[in-house]
Amino acid sequence: PPTTTVTLSGTPGIGGWYRSAVNLTLSAVDTASGPAATYYRVNSGAWQAGATANISFDGIHTVDYYSVDQAGNREANRTVTVKIDTQAPTSRVSAPLGYQASNVVTVRWSGSDAGSGVLYYDVEYRDGAGGAWTAWRTATDETSGLFVGQRGHVYYLRSRARDRAGNVEKPP
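Notes on the structure follow. (Residues numbered from 1 in each chain as written. Predicted model: local features only at pLDDT ≥ 70, side-chain atom pairs only at ≥ 80, totals over all residues. Heavy atoms only, no water.)

1. Overview of the overall build of the protein
- When its secondary structure is counted, the protein shows zero helices and 14 strands.
- Counted from the first residue to the last, the protein has its helices and strands arranged as β-β-β-β-β-β-β-β-β-β-β-β-β-β.
- For 172 residues, the compact-globule formula gives about 16 Å, and the C-alpha radius of gyration of the protein, at 25 Å, lies well above that figure.
- Per-residue burial over the protein gives 31% buried out of 172 residues.
- The long-range share in the protein, meaning contacts at least 24 apart out of those at least 6 apart in sequence, stands at 56%.
- Approximately 9500 Å² of the protein is accessible, and the part contributed by carbon and sulfur atoms is 49%. (Helix = DSSP H or I, 4+ residues; strand = E, 2+ residues; numbered from the N terminus. Rg over C-alpha atoms; globule rule 2.2 N^0.38 Å. Buried < 20%, exposed > 50% of the residue type's maximum accessible area, 1.4 Å probe, protein only. Contact = heavy atoms within 4.5 Å. Areas by Shrake-Rupley, 256 points an atom, 1.4 Å probe, with all protein chains shown as cover.)

2. Things to note about the sheet that holds strand β3 (residues 22-29)
- Spatially, β1-β3-β6 is the arrangement adopted by the three strands of the open sheet, whose pairing is antiparallel. Looking at strand neighbours, the two that pair on one side only are β1 (3-9) and β6 (52-55), the edges of this open sheet. Between one strand and the next, the sheet's axes are offset by a mean angle of 20°, whatever the strand orientation.
- Sheet topology places β3 next to β6; four bridges connect them, and they run antiparallel. Within the sheet, the bridge partner assigned to V22 lies in β6 and is I55. (Pairing = 2+ DSSP bridges. Axes fitted to C-alpha atoms, helices over the stretch in contact; angles between N-to-C directions.)

3. A closer look at a nonpolar patch on the surface
- Together, V104, L146 and V148 make up a nonpolar patch on the protein surface, roughly 270 Å² of accessible area in all.
- Tracing the backbone through its elements, the reader meets L146 in strand β13 (residues 144-148). (Patch = residues over 30% accessible without salt bridge, like charges linked within 9 Å, V, L, I, M, F, W, Y side chains within 5 Å. Salt bridge = Lys/Arg side-chain N within 4 Å of Asp/Glu carboxyl O.)

4. Here's the deal with the pairing of strand β4 (residues 35-42)
- In this sheet, strand β7 (residues 59-69) lies alongside β4 in antiparallel orientation, the contact comprising seven bridges. Opposite A37, over in β7, you have V68 as the bridge partner.
- Two elements, β4 and strand β5 (residues 48-49), share two bridges in a ladder whose sense is antiparallel. By the bridge assignment for β5, Y39 is matched with A49.

5. Description of the sheet that holds strand β14 (residues 155-163)
- As summarised here, the arrangement of the three strands in space is β12-β11-β14, forming an open sheet in which the pairing is antiparallel. Each end of this open sheet is capped by a strand with a single partner; those strands are β12 (134-140) and β14. For this sheet, the mean inter-axis angle between neighbouring strands, taken without regard to orientation, is 15°.

6. Structural notes on the pattern of salt bridges
- The final tally for this structure, using the stated rule, is five salt bridges.
- The shortest N-O distance in the salt bridge between E75 and R78 comes to 2.6 Å.
- Accessibility expressed as a relative area gives 4% for E75, which makes it buried.
- For the salt bridge of R137 with E142, the shortest nitrogen-to-oxygen distance reads 3.9 Å.

Now the structure itself:
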């Protein structure tokens, strides 16, 4: 029977994820009678004849494929998993709000990502409305921390999340 290999192309992310649609190319080799046809299906759908496919929707997809040679020999099904996450996560700082009497306050932040999930957060602060943003927590999977400021100052905080595919939220 023939042997079929698969090549995936798209914008690679991290952890085996893609951050774009993925083009799938199937290549069959048979040294005896030669390949006759290649078939594939996505997510247990209907089998389709062909050697190329485009998977454009977010999620974890299972692609089954096989080829048949000119003599009618069929290779066993093969499988490849295609993970796509094209959307950046979202996050926000939820506490503290308003005036705080202490110079040490608990800051909380959270995020969500419908695709690969939030990997970590970067949290920044600035002293005053016109101050420069300064990194406070970098690449953390925590969702709270104790912030120490100076009495009489007004601080602004913001968060940015990165998902497991490598998509990064734009800062607000």
